[in-house]
Structure formats: C-alpha cells, structure tokens
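# What the coordinates show
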Amino acid sequence: MTERKLLVLFGSQTGTAQDTAERIGREAKRRHFQCRVEALDSYEVANLINELLVVFVCATTGQGDPPDNMKMFWRFLFRKNLPPSSLCQLDYAVLGLGDSSYPKFNFVAKKLHKRVLQLGGNPLLPVALGDDQHDLGPDAVVDPWLLALWDKILTLYPLPPGLEIISPDVRLPPKYTLHFLAEDSPHPDGGLLQPTAPRTVPSELHPFPARMVSNQRVTAESHFQDVRLIEFDVAASGITFNAGDVVMIQPQNCPEDVQQFCQLLRLDPDRCFVLKPTEPGTSLPDLLPQPCTIQYLVTHYLDISCVPRRSFFELLSYFSTNELEREKLQEFSSAQGQEELYSYCNRPRRTTLEALWDFPHTTCAIPPDYLLDLIPRIRPRAFSIASSMLAHPDRIQILMAVVRYKTRLSKPRRGLCSTWLASLNPEQGDVRVPLWVKKGGMKFPADPDTPVIMIGPGTGVAPFRAAIQERVAQGRRGNCLFFGCRQKSKDFYCQAEWEELVTKGFLTLFTAFSRDQEEKVYVQHRIRENRRLVWELLSSGSAHVYLAG
C-alpha cells in the first residue's frame, strides 16, 4: 500500500492563498492523508523530485509577479539545467488566485502548471483560475475544482479499509495547543523589540526596532485627510536602500481592541503559555516568543481587525453552543451563503473583533488552543520610502495618509498600521517601530543625462521625493515632476522643498490643484498643456516616465 502523503505548497501575498492551502490541508486530514502545508520558500525545493502528490496554491501579484514567499522557489524551478524528467513521478495540481481586471490574470499559476508539466509532472486536473472579480470571489472556481480534485486523488489513493471520510460535523484538532504556565512563573518581557546588535540585515523574521524621530502632520488641520511625514532612525541597522525601494512595517493592535478581545473571550492577558504543535513536524510560528503572554499574542500577532474569511466562520461554528448562532455561522461558511457573507463582512468591512461581538455565546466558548487556527497573523504593510540616504543618512522617511472611511457601520473604518503609526508620539519617550526594507519595482536611470518625468498625485509623490533627493545629491538636473492635490493651501506636500529646488534649477514642477478653481484640474490636464515639453524630453532626451498613485 503506497503511503498516503500529500504536500500542499502555497505562494501568498495577502493571505488568501495561504487560507485556501490550509483549507485543502483540513480536507486532506478528513480523508486520512498525512498532509503538510508549507510556504513555497520554506520548503526544501530539491526534495520535490521525491514527492508523489503535490497541490500548489499560488497568487499572482503586481504585473504577473510571484508573491514574496515563493520567489526563491520560482528562480530554482526555471533553472535551465533541470532535466526534463526531473518530476516524472509527481502527480500535481495547480490552483491559482488572481484578479481578471489585471492583464496578467493568474500568470504565475499558468506558468507554474506549464513548467511542472515540462519537467515531467503528471497534472491531475487543468489549472484552476480563481478570480477576485467574480461575484462570489475565487470560491466560485475553487469549490467545484476541489470536489473534482478529491475524486481524482481518492481513485489514486483510496481510503484504507475500514476508514470513512471524517464527517464535516466533527471538529478537527487544533494546529497547536497552549500550555499555560503557573500563575507565578516569571514574565517574559516583549524582548523582540529590544535593540540588539543586528546579526543579519533586517528582514521579516528579524525586523529592526527603528526609533521614530518625528511624526509631523503635513496637511492643514482643516483638511479632511490626515497625512503624516514620519522619520525613523536606522543607524547601525545594516539597512541600505535606493530611490524606489519600499519599507515594510509590522503594525500592532491598539490597546482598547486588545482589552475588548480578551474580555469577550474571557482571557487573562497576563497569563503565560508555551505553544506545542499537535502533530510532530509542525514548526512553531515565527515571530512569537516562547514562552509568550496572551497580551503579546493578541497585540502583536493575531489580526483581530482584519475582515474575517469564510474559514473563520466555519471553524467558529464548531464552538457554538447556541443553535441560532450556529445556524448563521454554518450558513456563512456554506457555498450558498457566500453572497450573504459578502454583504455582512466584505462590503461594510466588518472586523474580526466586531464579528465576535455579534456571536457572543459562541465567542465565550472558543478554546484558546484554536486561536491560531481561527485568526490569521498581522501582515506587514509596505510604504514607498520618501527620502534618500544621500540627503538623510541613517534615516528613512515615509509619507502616509491615515486611512479612515465610513461604511454603513456606525463606527468609521480605520487602517490598522496608519492609525497605529499616527498615534505614536516620539516626543513622549523612546518609540520603536519594527521595520525592514525591500527592493521596489521602480528603478531610476543610471545614466546621469537621462531626464526623468515623474507623475505623482497625492501621497504617490513619495517615491519621487526619494528619487529627486538622490538625483539632486548626484548633481542631476533633468527632473520633471507633475504633482496634483486638492488645494494649494491644504495638501501641497513638501511645497517649500520643491520650490527651493525649482529656484536652484534642479526641478521643473507642474502642479494641479483640483479644487482651487471652478473647473477641476488634474495632472493629466497639466501633461496635455505641456505636451511639447513632454514630447521633447521623450523624443530627443529618451526620458523615462514614472507614475505612482
């Protein structure tokens, strides 16, 4: 009897592909498979030649790019020297998650499917192309595809004699168990953010606790939008970057939300625990210290302000002691209930914490062991770096709009990271923010004589501020910026800086203040008015054009 082993590998940027991969893992356990679910870059790719059964779940980001956590895998797989029969014993299936409003719809999944086929793999099914634009989201494709996949897999690997598929009414065990320590055990301090001598260049697993130097509002107090110019000190971090690069920031939940969550679930925030994997071979989550307090877990790890997914309601339904609540939760997790779930959750942007309020009988019955299965981790946020190291050594600046908007819910929606950063006041003590830097998608020309046309309305001007500072420090003059905002007096970011550079001859500046006159004027109007200059720069100067929104 062949071993019934399944490997699920995912490449995920926002967490949807990971959520789907974990769903496949649960369905595999119900069918008595030994199943591992791993990010593609955590998997030792050289072992792929020994695998017999793999399901790939991958998202496509940007202009047809693979997600960050599968970039190394991607490079390996496309090596020219891999023999065409490398994967001849592999049965595989590829599930793609994409958005058909982009030209390179599900590009990564299609290319992966083709490449594994080239290397001798045997596809169980055609590649699945989940689409965010569908009324029911990617599940419209995923649900029927998975039914077909299990049919295929169970013909190759039938259930062992005497075993049945575990009924959906039965709750699966949690991924980890929380072993609470005695009340009087010594407290772990939140040691992650103590500045230590950096061992390596900062990264997601080893962020640098940068000191916030300043946090300045750059819009008028009377303006509807709060925009900040924030500066961090990254001296001695080993961080280097160029114009166009991105800083990743790991945010945390606000104390009020943490307190509410602990009260709702009847958790003591000061209790310490250690995590133990339920199954041998499961690695512990990165970024959680051991031992850890409930307070630390809820503040720094559990994303209680994200909009919950279908899998959240499915797991929640198992804990429900209240029949009405259980029926509603089961409806939200069924294929038929997806429109209902969309209007309850996604349209009004209801948070996980708010959803828990709506199911009080169920919420107070959640076993702490299931917290890490129920709620995803807080994801880092990306910001364009708005400064150059040549102008501001050892510093990183960002230009950040504080996200706040209304939906039909009475409380305004707030962005987790921007609200947290805006609330920090470096004048009231030592404020630390975990961050690291990533290569951006924009590369500025190496040739000093190539002119640059930059179109950056609103906070889209951030990467161009970095580029202009860098180019001015190198003595380059061909800098042309189209900037747009609502009103000159209210949201003209970095006005004094631009005007000084214009005076010194380093910058040609065109501004569009859409609300300062009767008819609205935007950057595209200014480009059209200055079409001769733009064409001149493009045709004879081979200018590069950059656009950021």
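Residues numbered from 1 in each chain as written. Predicted model: local features only at pLDDT ≥ 70, side-chain atom pairs only at ≥ 80, totals over all residues. Heavy atoms only, no water.

### Quick look at the side chain of threonine 20
Using the following cut-off: Put simply, DSSP H or I for four residues or longer makes a helix, DSSP E for two residues or longer makes a strand, and each gets a number counted from the N terminus. Type-normalised accessible area, obtained with a 1.4 Å probe on protein chains alone, sets the label of each residue: buried when under 20%, exposed when over 50%, and partly exposed for intermediate values. Should any heavy atoms of two residues lie within 4.5 Å, those residues are counted as being in contact.
For threonine 20, the position within the fold is in helix H1 (residues 16-30). Of the residues examined, threonine 20 reaches a relative accessible area of 8% and is grouped as buried. Excluding its chain neighbours within four sequence positions, the residues that come into contact with threonine 20 are Val57, Leu95, Leu97 and Val142.

### Brief notes about the packing of aromatic side chains
For clarity, the threshold we go by: Two aromatic rings, drawn from Phe, Tyr or Trp (for Trp, its six-membered ring), form a pair once their centres lie within 6.5 Å of each other, and the interplanar angle then sorts them: stacked below 30 degrees, edge-to-face above 60, tilted otherwise. Lysine and arginine charges are scored as sitting over a ring when NZ or CZ, respectively, is within 6 Å of the ring centre and within 35 degrees of the ring normal.
Enumeration over the complete set of coordinates arrives at 15 aromatic pairs. Here phenylalanine 33 and tyrosine 157 contribute two aromatic rings whose centre-to-centre distance is 6.2 Å and whose plane-to-plane angle is 75°, an arrangement assigned as edge-to-face. Of this pair, phenylalanine 33 sits in the loop between H1 and strand E2 (34-39) while tyrosine 157 sits in the loop between helix H4 (139-156) and strand E7 (176-180), placing them 124 residues apart in sequence. Tyrosine 157 shares its class with phenylalanine 33; the two are buried. Taking the centre distance of 6.2 Å and the plane angle of 70° together, the rings of phenylalanine 180 and phenylalanine 273 count as edge-to-face. Of the two residues, phenylalanine 180 is situated in strand E7 and phenylalanine 273 in strand E11 (residues 272-277); the sequence distance between them amounts to 93 residues. Its relative accessible area of 35% is what places phenylalanine 180 among the partly exposed residues. Given a relative accessible area of 0%, phenylalanine 273 falls into the buried group. Pairwise contacts between aromatic rings join Phe312, Phe313, Phe332 and Tyr344 into one cluster. Over the aromatic face of phenylalanine 78 sits the side chain of lysine 111, whose NZ or CZ is 5.0 Å from the ring centroid.

### Looking at the sheet that holds strand E20 (residues 507-513)
Remark on secondary structure: sheet strands pair via backbone hydrogen bonds, oriented parallel or antiparallel. In plain terms, the rule: Two strands qualify as a pair provided that DSSP identifies no fewer than 2 bridges between them. Geometry is summarised by axes, namely lines fitted to C-alpha atoms with helices restricted to the contacting stretch, and by angles between N-to-C directions that run from 0 to 180 degrees.
The strand order across the open sheet formed by 4 strands is E20-E19-E18-E21, and the pairing between neighbours is parallel. Each end of this open sheet is capped by a strand with a single partner; those strands are E20 and strand E21 (544-547). Strand-to-strand, the axes of this sheet are offset by a mean angle of 10°, without reference to chain direction. Of the pairings in the sheet, the one linking strand E18 (residues 452-455) to E21 comprises 4 bridges and is parallel in character. For methionine 454, the partnering residue across the bridge sits in E21 and is tyrosine 546. Of the strands in this sheet, E18, strand E19 (479-485), E20 and E21 are in contact with helix H14 (residues 462-473), which crosses E18 at around 155°. Sitting on the sheet, helix H16 (residues 495-503) touches E19 and E20, and the angle it makes with E20 is about 140°.

### Observations concerning unusual backbone geometry
Note the cis peptide between glutamine 290 and proline 291, where omega equals -10°. Along the chain, proline 291 turns up in the loop between E11 and strand E12 (292-293). One non-glycine residue, cysteine 494, adopts positive backbone phi at about 60°. Turning to its location among the elements, cysteine 494 is positioned in the loop between helix H15 (488-491) and H16. Notably, serine 542 is not glycine yet its phi reads approximately 45°, a positive angle. Residue class for serine 542 comes out partly exposed when judged on its relative accessible area of 47%.

### Notes on the UniProt feature "domain: Flavodoxin-like" (unreviewed entry) in the protein chain
Basically, it comes down to this: UniProt positions are given in the numbering used here, feature names are shortened, and annotations may be inferred rather than shown by experiment.
Feature annotation in UniProt assigns "domain: Flavodoxin-like" (unreviewed entry) to the following positions: residues 6-150. Within residues 6-150, the helical portion is 32% and the strand portion 23%, while the C-alpha atoms at the span's ends are 12 Å from each other.

### Let's talk about the domain arrangement of the protein chain
The condition is simple: Those domain boundaries reflect an automatic or database domain assignment. Here the quantity called buried area is the accessible surface, traced with a 1.4 Å probe, that two parts lose on coming together, added over both. Here a polar contact is recorded for every N or O atom pair within 3.5 Å, except that within protein the pair must consist of a potential hydrogen donor and a potential acceptor, and residues adjacent in sequence are included only if both atoms are side-chain atoms. Amino acid classes used here: Ala, Val, Leu, Ile, Met, Phe, Trp, Tyr, Cys and Pro are nonpolar; Asp, Glu, Lys and Arg are charged; the rest, including Gly, are polar.
Per the domain assignment, the segments of the protein chain are domain 1 (5-156), domain 2 (208-251 + 380-438), domain 3 (255-374) and domain 4 (452-547). Placing the centre of domain 2 and that of domain 3 at their C-alpha centroids yields a distance of 28 Å. With 7 residues of domain 2 at the contact, the number on the domain 3 side is 11 residues. Surface buried jointly by domain 2 and domain 3 totals about 700 Å² across both partners, of which 39% is contributed by carbon and sulfur atoms. It is Arg408, Leu409 and Arg413 that lose the most area in domain 2 upon contact with domain 3, and together they represent 50% of the buried surface on that side. Applying the counting criterion to the domain 2 and domain 3 interface returns 4 residue pairs in polar contact (both at pLDDT 80 or more). Looking at the side of domain 2 that touches domain 3 residue by residue, the class counts come to 3 nonpolar, 2 polar and 2 charged.

### Considering the sheet that holds strand E8 (residues 208-217)
Ordered by their spatial adjacency, 6 strands build an open sheet running E13-E10-E17-E8-E9-E14, and the pairing between neighbours is antiparallel. Unpaired on one side and paired on the other, strand E13 (381-384) and strand E14 (395-401) mark the two borders of the sheet. Taken pair by pair, the neighbouring strands of this sheet meet at an average axis angle of 40°, ignoring direction. Bridge count between strand E10 (residues 246-249) and strand E17 (residues 432-438): 4 bridges; the pairing is antiparallel. Across the sheet, the residue bridging to valine 246 is lysine 438, located in E17. Those strands touched by helix H13 (residues 416-423) are E8, strand E9 (227-233), E10, E13, E14 and E17, and its axis lies near 115° from that of E14.

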